[in-house]
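Remarks on the overall topology
Here is how the chains run, residue by residue.
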Amino acid sequence: MSTTIPYQRRPYPEAQALTTFRWQVRSGDDGVEAVGECPQCRCETKKVITGAQYVTKGKRSLQPLRDLLATGKPRHARCQCSTWHLERPAEIPDGCGASFWIAVPPQGLLSL
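Source: prediction; values computed, not measured. Sequence order sets the numbering: in each chain, residues are counted from 1 along the sequence as written. Local features in a predicted model are, by the rule used here, given only for residues with pLDDT of at least 70; side-chain atom pairs are given and counted only at 80 or more, and totals for whole chains, interfaces and linings are based on all residues. Side-chain metrics rest on all non-hydrogen atoms present in the structure, leaving aside hydrogens and water.

Things to note about the nonpolar core
What we call a nonpolar core is a set of buried Ala, Val, Leu, Ile, Met, Phe, Trp, Tyr and Cys residues that are connected through their side-chain atoms within 4.5 Å. The classification of residues rests on relative accessible area computed with a 1.4 Å probe and restricted to protein chains. Under 20% of the type maximum is buried, over 50% is exposed, and intermediate values are partly exposed. Core analysis: the largest hydrophobic core is formed by 16 residues, its most contacted members being Trp23, Cys38, Cys41, Cys79, Phe100 and Ile102. Where this core is concerned, the elements lending two or more residues are strand E3 (32-37) and strand E8 (99-103). If sequence neighbours within four positions are ignored, cysteine 79 has contacts with Cys38, Cys41, Thr45, Asp94, Gly95, Cys96, Ala98 and Phe100. Think of it this way: any DSSP run of H or I at least four residues long counts as a helix, any run of E at least two long counts as a strand, and we number them from the N terminus. We call two residues in contact when some of their heavy atoms are within 4.5 Å.

Examining the sheet that holds E8
Pairing is mixed in the open sheet, where 3 strands are placed in the order E1-E8-E7. Two strands lie at the open edges of the sheet, namely strand E1 (19-20) and strand E7 (75-78), each paired on one side alone. At least two DSSP bridges between two strands are required for those strands to pair. Alignment of E1 against E8, held across 2 bridges, turns out to be parallel. Residue pairing in the sheet places threonine 19 in a bridge with isoleucine 102 of E8.

Overview of the sheet that holds strand E4 (residues 44-49)
Read from one edge to the other, the open sheet built from 3 strands follows the order E2-E3-E4, with strand pairing classed as antiparallel. Pairing within the sheet leaves two strands with one partner each, and these edge strands are strand E2 (22-25) and E4. For this sheet, the mean inter-axis angle between neighbouring strands, taken without regard to orientation, is 20°. For helices, the axis comes from a line fit to the C-alpha atoms of the stretch in contact; other axes are also lines fit to C-alpha atoms, and the angle between any two N-to-C directions lies between 0 and 180 degrees.

Quick notes on the packing of aromatic side chains
Side-chain rings of Phe, Tyr and Trp, where Trp is taken by its six-membered ring, are said to pair if the distance between their centres is within 6.5 Å; with planes under 30 degrees apart they count as stacked, over 60 as edge-to-face, and otherwise as tilted. Enumeration according to the criterion identifies 1 aromatic pair in this entry. Ring geometry for phenylalanine 21 against phenylalanine 100: centres 5.9 Å apart, planes inclined by 55°, an arrangement best described as tilted. Here phenylalanine 100 lies in strand E8 and phenylalanine 21 lies in the loop between E1 and E2, a separation of 79 residues in the sequence. Relative accessible area serves as the criterion here: at 0%, phenylalanine 100 is assigned to the buried category.

A short note on the layout of surface pockets
Site definitions follow a grid-based scheme: protein atoms alone, a 1 Å grid, a 1.4 Å probe that fits but cannot get out for cavities, and for pockets an open set with protein on both sides within 12 Å along at least five of seven lines, plus lining residues having an atom within 4 Å of a point. Grid points are joined across faces, edges and corners, and a volume is the space filled by probe spheres set on the points. In this structure, the second largest pocket occupies an estimated 160 Å³ of space. Taken together, Tyr7, Arg9, Arg10, Pro11, His76, Arg78, Ile92, Asp94, Gly97, Ala98 and Ser99 form the lining of the second largest pocket. Under the scheme applied, nonpolar residues are Ala, Val, Leu, Ile, Met, Phe, Trp, Tyr, Cys and Pro; charged residues are Asp, Glu, Lys and Arg; polar residues are all the others, including Gly. For the lining of the second largest pocket, the residue count by class is 4 nonpolar, 3 polar and 4 charged.

Let's talk about the pairing of E7
Working note: regular strand, side chains alternate between the two faces of the sheet. Of the two faces of E7, only the one carrying Arg75 and Ala77 is buried; His76 and Arg78 on the other face are not. The pairing of E7 with E8 spans 4 bridges and is classified as antiparallel. Within the sheet, the bridge partner assigned to alanine 77 lies in E8 and is phenylalanine 100.

What follows is the structure, given as structure tokens:
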């Protein structure tokens, strides 16, 4: 956890090494949650994926969670840590500004 790292909107390239998070099924909303360390500020952050996500630009369509995660493709996430980072704009409530890719467990999420 580092408050000395100032907020900086920083997208990571697609070629970035994947970050490994702990995955768990959420009760009640048919979703999953990944918890881990932000590769930029090293604070704990999480990514929540609910039962259905918008997956296309333009015409919007919903894809069931099972189908969305069965591909094993990495998931995009952004830091949502609760640590206060210097120079973070007042309208942004959390995070250090970093975005990154997290790996889906090799055994898949459906076995969780």
